[in-house]
Amino acid sequence: LMSAAMTAHSGADTMSPLYRTVRDLPGTVALIEFPFAEPAYEILATYYAGFHRRPLVNGYSGFFPEDYLRRATFLSHIPFDLDAATRAVQSSGATHALVHEGAFQDGRGHEVTNWLVSTGATVTGTFGSDKLLHPLADGTPMTREYAERRIRWEPIHEMSQMKGDEETHPLLSPDDEFADFETWD
């Protein structure tokens, strides 16, 4: 799945224009992407967050907050428990969803879109098999305070990871004897 995801999204020229739409939306926007908790697509969600610069519900690397893991329980297996999945989206603070329907290996991506529409969301943009939906669930937007807290405590600290230098580098931590451990030249 990882190689299929990376092949499907191998550069800026293949970036869905829906990410530009997300970037240019007015007001407070928080995005959730589906498939949720699928490692290859979590990496892509984090990568494209560097472009659209909006708070992202998914897309972690190395550390997974408890609320993310709880949401993953319900959002990675839609339509297993739609009520729990709906509550998970509502509690996330997401205002928009980007569903990569073609990314679901079992072809159930359209079921995710249909479920979100059944909760009151509207498809506001389409590109290929990608669908952008708004508002989500009950339409309650993410608050400014919550977004600012996430931005403060969950900054994107890596866009790529080279073995040994995810956390620090000798230039940043000259007294740390492991700062150059197994750094690839």
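Keep in mind that what you see is a predicted model, and the values were worked out from it rather than measured.

Thresholds, definitions, all that
Throughout this description, residue numbers start from 1 for each chain and increase along the sequence as written. With the structure being a predicted model, the display of local features is reserved for residues of pLDDT at least 70 and the display and counting of side-chain atom pairs for 80 or more, all residues being used for whole-chain, interface and lining totals. Hydrogens and water molecules were not included; the side-chain quantities draw on all heavy atoms of the structure. For the purposes of this entry, the term helix denotes a DSSP run of H or I that reaches at least four residues, the term strand denotes a run of E that reaches at least two, and both are numbered from the N terminus. Buried residues are those whose accessible area, probed at 1.4 Å on protein chains only, stays under 20% of the maximum for their type, while exposed residues exceed 50% and partly exposed ones sit between those limits. Any two residues whose heavy atoms approach within 4.5 Å at even a single point are treated as in contact. Using a 1.4 Å probe, accessible areas were evaluated by the Shrake-Rupley method; residue-level cover was limited to the displayed protein chains. Each pair of strands is called paired provided DSSP finds at least two bridges between the two strands. Angular values range over 0 to 180 degrees, each being the angle between N-to-C directions of two axes fitted as lines to C-alpha atoms, with helices fitted over their stretch in contact. These descriptions rest on fixed angle ranges, namely under 35 degrees for roughly parallel, over 145 for roughly antiparallel, 65 to 115 for roughly perpendicular, and the rest for oblique. For a crossing to be left-handed, the near helix must be turned anticlockwise from the far one by less than a right angle; the clockwise case is right-handed. Under the grouping applied here, Gly and all other residues not named as nonpolar or charged are polar, the nonpolar ones being Ala, Val, Leu, Ile, Met, Phe, Trp, Tyr, Cys and Pro and the charged ones Asp, Glu, Lys and Arg. Whenever a carboxyl oxygen of Asp or Glu lies within 4 Å of a side-chain nitrogen of Lys or Arg, that contact is scored as a salt bridge.

1. As for the overall build of the protein chain
Part 1: Within the protein chain, the regular secondary structure consists of 7 helices and 4 strands.
Part 2: Scanning the protein chain from its N terminus toward the C terminus, one meets helices and strands in the order α-α-β-α-α-α-β-α-β-β-α.
Part 3: Across the 185 residues that make up the protein chain, the buried fraction comes to 42%.
Part 4: Expressed as a percentage of contacts within the protein chain between residues at least 6 apart in sequence, the contacts between residues at least 24 apart total 65%.
Part 5: As displayed, the protein chain has an accessible area near 10,700 Å², and 55% of this comes from carbon and sulfur atoms.

2. Details of the sheet that holds strand β2 (residues 96–100)
Pairing between the strands of a sheet is mediated by backbone hydrogen bonds and can be parallel or antiparallel.
Part 1: Pairing is mixed in the open sheet, where 4 strands are placed in the order β1-β2-β4-β3. Each end of this open sheet is capped by a strand with a single partner; those strands are β1 (31–34) and β3 (122–127). Taking each pair of neighbouring strands and ignoring which way they run, the sheet shows an average axis angle of 20°.
Part 2: Across 4 bridges, the pairing between β1 and β2 is parallel.

3. Here's the deal with the packing of helix α2 (residues 17–24) against helix α3 (residues 39–52)
Part 1: It is at 9 Å that the axes of α2 and α3 come closest, and there the two elements cross at 50°. Taken together, α2 and α3 sit at an angle that is classed as oblique. Between α2 and α3 the crossing geometry is right-handed. Of the residues in α3, those touching α2 at Tyr19, Arg20, Val22 and Arg23 are Tyr48, Phe51 and His52.
Part 2: By residue class, the composition of the contact of α2 with α3 is 4 nonpolar, 1 polar and 2 charged.

4. Some points on the packing of helix α4 (residues 66–75) against helix α5 (residues 82–92)
Part 1: Relative to each other, α4 and α5 sit at 145°, their axes nearing to 8 Å. Crossing handedness for the pair α4 and α5: left-handed. Between α4 and α5, the residues in contact are Arg71, Phe74 and Leu75 and Ala84, Ala85, Ala88, Val89, Ser91 and Ser92, respectively.
Part 2: Classifying every residue of the contact of α4 with α5 gives 6 nonpolar, 2 polar and 1 charged.

5. Let's talk about unusual backbone geometry
Part 1: The omega angle of the peptide bond from Phe34 to Pro35 is 10°, so this bond is cis rather than trans.
Part 2: Tracing the sequence through the fold places Pro35 in the loop between β1 and α3.
Part 3: Within the chain, Ala37 stands out as a residue other than glycine whose phi angle is a positive 70°.
Part 4: Structurally, Ala37 is set in the loop between β1 and α3.
Part 5: Positive phi outside glycine occurs at Arg53, with the angle close to 60°.

6. Re the pattern of salt bridges
Part 1: Evaluated as defined, the whole model comprises 5 salt bridges.
Part 2: A salt bridge links Lys131 to Glu101; the shortest N-O distance between them is 3.7 Å. Placement of Lys131 in strand β4 (residues 130–134) and of Glu101 in the loop between β2 and α6 (109–118) is noted, with a sequence separation of 30 residues between them.
Part 3: Relative accessible area serves as the criterion here: at 17%, Lys131 is assigned to the buried category.
Part 4: For Glu101, a relative accessible area of 17% corresponds to the buried category.
Part 5: Here Asp106 ties to Arg108 by a salt bridge, and the two come within 2.7 Å at their closest N and O atoms.
Part 6: By relative accessible area, Asp106 is classed as exposed at 52%.

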